[in-house]
Amino acid sequence: MSVQSLISRINPLAKFEELGLGQWKHQLAALFLLGIVFFFSGLGNGKLWDQDETTYAQVAREMIQTGDWVVPRYDGELLAHKPPLSYWAMILGSRLFGMNELGMRFFSAVSGLACVLVVFVLGRRMFDPQTGFLAGLILLSSPFFPIVCRSALMDAHLTLFVTCALWGFWEALRNPPGSLLWILFCGVTTGLAVLVKGPLGLLLVGSAGFFTLLATRRFRQLPKLHPVAGLSVFLFVASLWYVVITWKTGWGFLYEFILRENLDKVFKPTLGHGGPIWYYFPVLLLAFVPWSLFLPTALKSLWKRSWEEKGFLLSWAVIPFIFFSMLGTKLPHYILPVFPALALITAQGLARSAQDDRNPPGFVRYGLFGLGTILLGTGLVAWVLLPDLAGWRLPLTLLPLWLGWTIAMRRPSRYRLTQPHLVISMLLFILLAAHVMVPHLDGFRVVHQAAGGAALWAEKQTGQGRKPRLFAHRYREPGMLFYSAKHIPEVGDRGLTEALDLPGPVLVIARKKYYEEMPQELRARFQVKQEFEGFCENKGPMTLLLLEAVDRHRTVMEADYESR
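Residues numbered from 1 in each chain as written. Predicted model: local features only at pLDDT ≥ 70, side-chain atom pairs only at ≥ 80, totals over all residues. Heavy atoms only, no water.

**Q** Explanation requested: the packing of aromatic side chains in the structure shown.
**A** Aromatic ring pairs are described here by two measures, namely the spacing of the ring centres and the angle between the planes. In total, this model carries 24 aromatic pairs according to the counting rule given. Relative to Phe-107, the ring of Phe-106 lies with its centre 5.0 Å away and its plane at 85°, an arrangement referred to as edge-to-face. Among the residues examined, Phe-106 registers a relative accessible area of 17% and is labelled buried. You can call Phe-107 partly exposed: its relative accessible area is 23%. Ring centres of Trp-291 and Phe-294 lie 5.8 Å apart, and the angle between their planes is 40°; on these two criteria the pair is classed as tilted. For the residue pair Trp-291 and Phe-294, the accessibility class agrees, reading buried in each case. Put simply, the rings of Phe-40, Phe-97, Phe-106 and Phe-107 touch in pairs and so form one group of aromatic residues. The ring of Phe-482 has Arg-61 sitting right over it, with the charged end atom 4.5 Å from the ring centre. (Phe/Tyr/Trp six-rings, centres within 6.5 Å; stacked < 30°, edge-to-face > 60°. Buried < 20%, exposed > 50% of the residue type's maximum accessible area, 1.4 Å probe, protein only. Lys NZ or Arg CZ within 6 Å of the ring centre and 35° of its normal.)

See below:
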């Protein structure tokens, strides 16, 4: 057997030569270059957002500090929320770029770009070159997908591994005699998905695979798909870390992780993140806009295809959507793993309509104009009502969407003519948001500003040979720990009084409203060193104070006299 023949057997991409290698290279290069801009331009401009981004970043930092890459810890305590794969990605990012925003977000953006390229390949394999390329463009330019993938969250990694696992399952299903490598690939990537978000990774892949077999009536082919080999490699990849952490921490971690972190989310909202059963319908409409307006026509087109195609894509998109809708805990980014399926569904519908040289329906064209006008109008209203916070930057950021969607509506709107305008308008929106709007908002986010001020104070005290002590009064966000790089325990009035009896200088981060509620005797023992007014993304508008302890023996009467 020749070397070339061997490569063609083990390399699933070799068959792309049959579709025109030159065209494939150009399409891949175009998606890659666009992806670099969408995912990486200005990636480190904005500060990490509380709660999730800063929590995960703090866990990664403590893994580095302790040298323990197995046990996730937050503020020194075991954190049984998520497996470690995303933390490991952040650690590697910090090795490349430092313990900063770019380092924490880099591999999330890499996963987003890789997912776009996988969807491109899968679309070509399932349909044709045009559909694959269009599916990649749609996924790239649906605003929610690049926004989430530009964050230090776990959803981009989960979406990539779920997409890869289902790609492997699809290829194995198409060619059972040659399915071993694809099933092994599916098992490995499903195991990696479980190392990102636990049992959810297996549930997303398994449910889509099960209902695909059900829809296509292919359960008889299951023995030919090498299920034992796939299951074995999945168990090896997925279980190794769980075995090690159970050995190191006992059964406490698994109890907290499985019962509290996973099962509790099924039955009740956690941290107030709940919603009605229809929660994700408006989320999907806005998160997948403008392509969500094309979904009805695309679904109609998909229904005319074979059960092999529609059964697979509908199982991938609908079953997880129903599952997430039934969960007690709901957050918008939970449904990110269905976006690749939606991109493929929409792309096959648009490609077929473009071949037929049809116009988009009226509700699509006028819906684009209406949504763009609403967004731009919202930006203009915010400019008037919140001139400092929003200013001219918000309408400027939203203007490309209105222009692109309006032009797409007003042109002799064949489907093939609408697509470039939609992609370009989303590209300009992402660039303006990353380079104009997000850096401006950072100036109003009080948590990291207060944490930075506390860190500078602590460094100054340390430089003078003192042992500074930092506290948070009745309010603490993960960003305080990450951006100060210090241990900041949360205390109430009693704990603050006890802290003042400790040796060394004391600094307290406190909300202004809680400071004003302090007993007068306690307030007299502090002076306001700095004040930060703005907002916290979890609590809304607020003012944070840096309170420095003054002379411990100063009386209330003396403090009142000095304040006058």
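**Q** Even after reading the chapter, I still don't get the confidence of the model for the protein chain, so can you show me in this structure?
**A** Should pLDDT be low for a region, the predicted coordinates there are not to be read in detail. Looking at the protein chain as a whole, the pLDDT averages 85, with 88% of positions reaching at least 70. The lowest-confidence element of the protein chain is helix α1 (residues 3-10), averaging 40 in pLDDT; the highest-confidence one is helix α5 (residues 101-126), averaging 96. Every residue in residues 1-22 scores below 50 in pLDDT, and together they form 16 contacts with partners more than four places removed in sequence or on other chains. (pLDDT = per-residue confidence, 0-100. Helix = DSSP H or I, 4+ residues; strand = E, 2+ residues; numbered from the N terminus. Contact = heavy atoms within 4.5 Å.)

**Q** What should I look at first to understand the sheet that holds strand β3 (residues 469-473) in this one?
**A** Taken in spatial order, the 5 strands line up as β4-β3-β5-β7-β6 in an open sheet, and their pairing is mixed. The open sheet has two edge strands with one neighbour each: β4 (490-491) and β6 (526-536). The pairing of β3 with strand β5 (residues 506-511) spans 5 bridges and is classified as parallel. Looking across to β5, one finds that Leu-470 is bridged to Leu-507. Where helix α20 (residues 446-463) meets the sheet, it contacts β3, β5, β6 and β7 (540-549), and its direction lies at approximately 150° from that of β6. (Pairing = 2+ DSSP bridges. Axes fitted to C-alpha atoms, helices over the stretch in contact; angles between N-to-C directions.)

**Q** Looking at this model, I keep getting lost on helix α9 (residues 180-197). Mind explaining?
**A** Taking 1.5 Å of rise per residue, 18 residues should cover 26 Å, and α9 covers 26 Å from first to last C-alpha, within 8% of that figure. Positioned one or two residues after α9, Gly-198 has a phi angle of 75°, which is positive. (Expected span 1.5 Å × (residues − 1).)

**Q** Got a minute to help me understand a nonpolar patch on the surface in this structure?
**A** A surface patch of nonpolar side chains, amounting to about 1,000 Å² of accessible area, comprises Leu-380, Val-381, Trp-383, Val-384, Leu-385, Leu-386, Trp-392, Leu-396, Leu-399, Leu-403 and Ile-407. Broken down by secondary-structure element, the contributors of at least two residues to the nonpolar patch are α17 (362-385) and α18 (393-410). In terms of residue count, α17 provides more of the nonpolar patch than any other element does, 5 residues in total. On the secondary structure map, Val-381 appears in helix α17. (Patch = residues over 30% accessible without salt bridge, like charges linked within 9 Å, V, L, I, M, F, W, Y side chains within 5 Å. Areas by Shrake-Rupley, 256 points an atom, 1.4 Å probe, with all protein chains shown as cover. Salt bridge = Lys/Arg side-chain N within 4 Å of Asp/Glu carboxyl O.)

**Q** Any chance you could explain the packing of α9 against helix α10 (residues 199-216) here in plain terms?
**A** Axis angle and axis distance: for two packed helices, these are the angle between their axes and the distance between the axes, and together they describe the pair. Following both chains from N to C, one finds α9 and α10 inclined at 140°, their axes separated by 6 Å at the closest point. Between α9 and α10, the interaxial angle falls into the category oblique. Note on element contacts: α10 touches α9 through Pro-199, Leu-200, Gly-201, Leu-202 and Val-205, opposite Cys-186, Thr-190, Ala-193, Val-194 and Lys-197. Considering only residue class, the contact of α9 with α10 consists of 7 nonpolar, 2 polar and 1 charged. (Parallel < 35°, antiparallel > 145°, perpendicular 65-115°, else oblique. Nonpolar A, V, L, I, M, F, W, Y, C, P; charged D, E, K, R; others polar.)

**Q** Hey, could you run me through the pairing of β3 in this one?
**A** In the case of a regular strand, side chains alternate between the two sheet surfaces. A large share of β3 lies buried, amounting to 4 of its 5 residues. Both β3 and β4 contribute to a ladder of 2 bridges, which runs parallel. Residue pairing in the sheet places His-473 in a bridge with Val-491 of β4. For the handedness criterion, the β-α-β arrangement of β3, helix α21 (residues 478-484) and β4 is classed as right-handed. (Right-handed = clockwise from strand over helix to strand, strands pointing away.)

**Q** Hey, could you run me through the environment of Gly-76 in this one?
**A** Locating Gly-76 in the fold gives a position in the loop between β1 (73-74) and β2 (77-78). Judged by its relative accessible area of 49%, Gly-76 falls in the partly exposed class. Put simply, Gly-76 and His-487 are 411 residues apart on the chain and 9.0 Å apart in space, counted from C-alpha to C-alpha.

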